[in-house]
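# Analysis of the macromolecular model
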Amino acid sequence: MAEGPAEGNELWAEVWALLPGSEEGLSLSLSGEVEDCVLPLLRRARRLLYGAAGRPGEAAAEALARLGDILRDYSWEKLNVGPWREISKAWRQVYAYGCLFGALAEVAAGRPLVSAVRLCDMGLLMGASVLDNVLARLVRVLQARLPRGERRDAAPGSAKRARIEPLPAPIVQPEDALPHVRCPSLEHFRDNYLIPQKPVVLEGIIDHWPCMKKWSVDYFCQVAGCRTVPVELGTRYTDEEWSQKLMTVSDFINQYIVNANSTGYLAQHQLFDQIPELKEDISIPDYCCLGEGEEDDITINAWFGPEGTISPLHQDPQQNFLAQVFGRKYIRLYSPQDSENLYPHESHILHNTSQVDVEDPDLLKFPNFRKAAFQSCILMPGQVLFIPVKYWHYVRSLDISFSVSFWWS
């Protein structure tokens, strides 16, 4: 539904308050070099935005939208020319500006806000922060203005239908079981697990998190249904048919949680940077203070998917706390000392991932895998697994599941 004139002017005033007060204040500063044609385009868009006394008129909004399209299309090519870590931050900033100008044009024209919300999310996902993370602040204003039906598209009662009877969990033998400790002191955790690099299941340390009572499938439809996120399609990322797709949280829930005919996984996504109100429902575990980095260096990822999603046996270069909010996960851990028995892929891109299917190993092809000793657990809601740096871990969801991981140094 489009905005009426009065509502549109009121919304524009709220949006305008997020921007610098003058044209010069919107600096358009970039973190590196870009092609000569780009800065004039950015300046033209800025002039259109600030040239009007108040909300831009129809012609100015159309021109601003076209410039946003050009900036996004041009920078999109630069974002897709090689490995992500090699992409210049300046081009990601140009893309973010293109999304910002496009979203502001949608608001100025009084069009339905869903497209403006999607543009903000694309800038947050693919761009780099500009103007004190203005896109995150803008999308929060826009989302609050969406008609309730557009904030969540999943069918009513979806969570009830989604909670099917889970399959039996694998049996964890006592000799393989990971140790469990309830609320250890910082010193006890440091001396017995962190320094010797031993995995452990921690209990009682996240019971106070608001998410433990608030979060459910329906809750995510309500607070994030219209938001665009990256979804992995396929059971595991090592499968040939595995791919990724951008879709709204509501579409993801409808297609892969409620009607689970195929597997989709919102995996390893920094959802809490994209939707800060969700971050208010969790906390960084106190034990992270034992690390060497600053709090801003901790990477917080969301893992949300149906029963049956699998993270193949792999290792990560940082310490990891994996906190289970709802659902259960079967997890196996192998020491880095067993790496040669786990047959890592030879390709550089998958060198941290084992070739072995942990629960159905081909022992003719990988005979030394039987020599590798493992520990395992069923991670339950409210439990947190400490996975030491470079420890190999395999994860399979036993139910509809939401986990939060904290990577720290």
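Scroll up a little and you will see the structure.
Here is a short report on the structure shown in this document. Every chain begins its residue count from 1, and numbering advances along the sequence as written. Owing to the predicted nature of the model, reporting of local features is limited to residues with pLDDT of at least 70; listing and counting of side-chain atom pairs is limited to 80 or more, with chain, interface and lining totals taken over all residues. Values reported for side chains reflect all heavy atoms of the structure, with hydrogen atoms and water molecules removed beforehand.

## Some remarks on the pairing of strand β11 (residues 383-387)
Each regular strand shows side chains that alternate between the opposite faces of the sheet. Relative accessibility thresholds used throughout: buried, under 20% of the residue-type maximum; exposed, over 50%; partly exposed, between the two (1.4 Å probe, protein chains only). Runs of H or I in DSSP of at least four residues are treated as helices and runs of E of at least two as strands, each being numbered from the N terminus. β11 sits mainly inside the fold: five of its five residues count as buried. Of the two faces of β11, the one holding Gln-383, Leu-385 and Ile-387 and the one holding Val-384 and Phe-386 are both buried throughout. As judged from the four bridges shared by strand β2 (residues 200-203) and β11, these two strands associate in the antiparallel manner. Paired with Glu-203 across the bridge in β11 is Gln-383. Pairing between strands is defined by DSSP: at least two bridges between them are needed. As judged from the four bridges shared by strand β8 (residues 319-326) and β11, these two strands associate in the antiparallel manner. Bridge pairing links Ala-323 to Val-384 in β11.

## A closer look at helix α12 (residues 249-258)
Across the 10 residues of α12, eight count as buried, placing the element largely inside the fold. For α12, the full list of buried residues reads Val-249, Ser-250, Phe-252, Ile-253, Asn-254, Tyr-256, Ile-257 and Val-258.

## Focus: the packing of aromatic side chains
Pairing of aromatic side chains requires ring centres within 6.5 Å, counting the rings of Phe and Tyr and the six-membered ring of Trp. Pairs whose planes differ by under 30 degrees are stacked, by over 60 edge-to-face, and all others tilted. Within this structure, the stated rule accounts for 29 aromatic pairs. Aromatic pair Trp-209 and Phe-406: ring centres 6.0 Å apart, planes at 65°, arrangement edge-to-face. Here the residue Trp-209 occupies a position in the loop between β2 and α10 (211-214), and Phe-406 occupies one in strand β13 (residues 401-408), the gap between them amounting to 197 residues. On the accessibility criterion, Trp-209 (2% relative accessible area) is buried. The buried category is assigned to Phe-406, whose relative accessible area is 0%. Ring centres of Tyr-334 and Phe-369 lie 5.7 Å apart, and the angle between their planes is 40°; this geometry places the pair in the tilted category. Of this pair, Tyr-334 sits in strand β9 (residues 329-334) while Phe-369 sits in the loop between β9 and β10 (374-379), and the two are 35 residues apart along the sequence. Each member of the pair, Tyr-334 as well as Phe-369, carries the same accessibility label: buried. Through a chain of ring-to-ring contacts, the aromatic side chains of Trp-215, Tyr-219, Phe-220, Phe-252, Tyr-256, Phe-272, Phe-304, Phe-326 and Phe-402 assemble into a single cluster. Sitting over the face of the ring of Phe-374, Arg-332 holds its NZ or CZ atom 4.1 Å from the ring centroid. By definition here, charges over rings are those cases where NZ of Lys or CZ of Arg is within 6 Å of the ring centre and within 35 degrees of the ring normal.

## With respect to the sheet that holds strand β7 (residues 310-314)
Two pairing modes exist for strands in a sheet, parallel and antiparallel, and in both the strands are linked by backbone hydrogen bonds. Here four strands make up an open sheet; going across it, the order is β7-β12-β9-β10 and the pairing antiparallel. For this open sheet the edge positions go to β7 and β10, each flanked by a neighbour on one side alone. With strand direction ignored, the average angle separating the axes of adjacent strands in the sheet is 15°. In this analysis an axis means a line fitted to C-alpha atoms, helices contributing only their contacting stretch, and an angle means the value between N-to-C directions, from 0 to 180 degrees.

## Describing the packing of helix α4 (residues 89-108) against helix α6 (residues 134-145)
Where α4 contacts α6, the axes come no closer than 11 Å and their chain directions differ by 25°. In terms of axis orientation, α4 runs roughly parallel to α6. Our pair here, α4 against α6, has a crossing hand that is left-handed. In this structure, α4 uses Ala-96, Cys-99, Leu-100, Ala-103, Leu-104 and Val-107 to contact α6, whose residues at the interface are Val-134, Leu-135, Leu-138 and Leu-142. Nonpolar residues are Ala, Val, Leu, Ile, Met, Phe, Trp, Tyr, Cys and Pro. Charged residues are Asp, Glu, Lys and Arg, and all others, Gly as well, are polar. Of the residues assigned to the contact of α4 with α6, the class counts are 10 nonpolar, no polar and no charged. Geometric relationships in this document are graded by angle, where less than 35 degrees denotes roughly parallel, more than 145 denotes roughly antiparallel, 65 to 115 denotes roughly perpendicular, and other angles denote oblique. Here a crossing is taken to be left-handed if its near helix is turned anticlockwise relative to the far helix by less than a right angle, and right-handed if that turn runs clockwise. Note on contacts: a residue pair is in contact if any heavy atoms of the two residues lie within 4.5 Å.

## Digging into the pairing of β7
Burial analysis of β7 places five of its five residues in the buried class, which makes it a mostly covered element. Bridge count for β7 against strand β12 (residues 392-397) is three bridges, and the pairing is antiparallel. Within β12, the position partnered with His-314 by the bridge is His-393.

## Brief notes about the sheet that holds β2
Across the sheet, which stays open at both edges, the nine strands sit in the order β1-β2-β11-β8-β13-β6-β5-β3-β4 with mixed pairing between neighbours. Taken across any chain shown, the strands that pair with only one partner, and hence form the sheet edges, are β1 (180-182) and β4 (243-248). Across this sheet, the average inter-strand angle for adjacent strands is 30°, counted without regard to direction. Note that strand β3 (residues 228-233) and strand β5 (residues 264-269) share two bridges and pair antiparallel. The residue of β5 that forms the bridge with Glu-232 is Tyr-265. Sheet strands touched by helix α5 (residues 113-126): β3, β4 and β5. Its angle to β3, the strand with the most contacts, is close to 60°.

## Considerations on the packing of helix α11 (residues 217-224) against α12
Axis separation between α11 and α12 bottoms out at 9 Å; the angle between their running directions is 155°. One element, α11, and the other, α12, form an angle in the roughly antiparallel class. In contact with Val-217, Phe-220, Cys-221 and Ala-224 of α11, α12 contributes Val-249, Ile-253 and Ile-257. Counted by class, the contact of α11 with α12 contains seven nonpolar, no polar and no charged residues.

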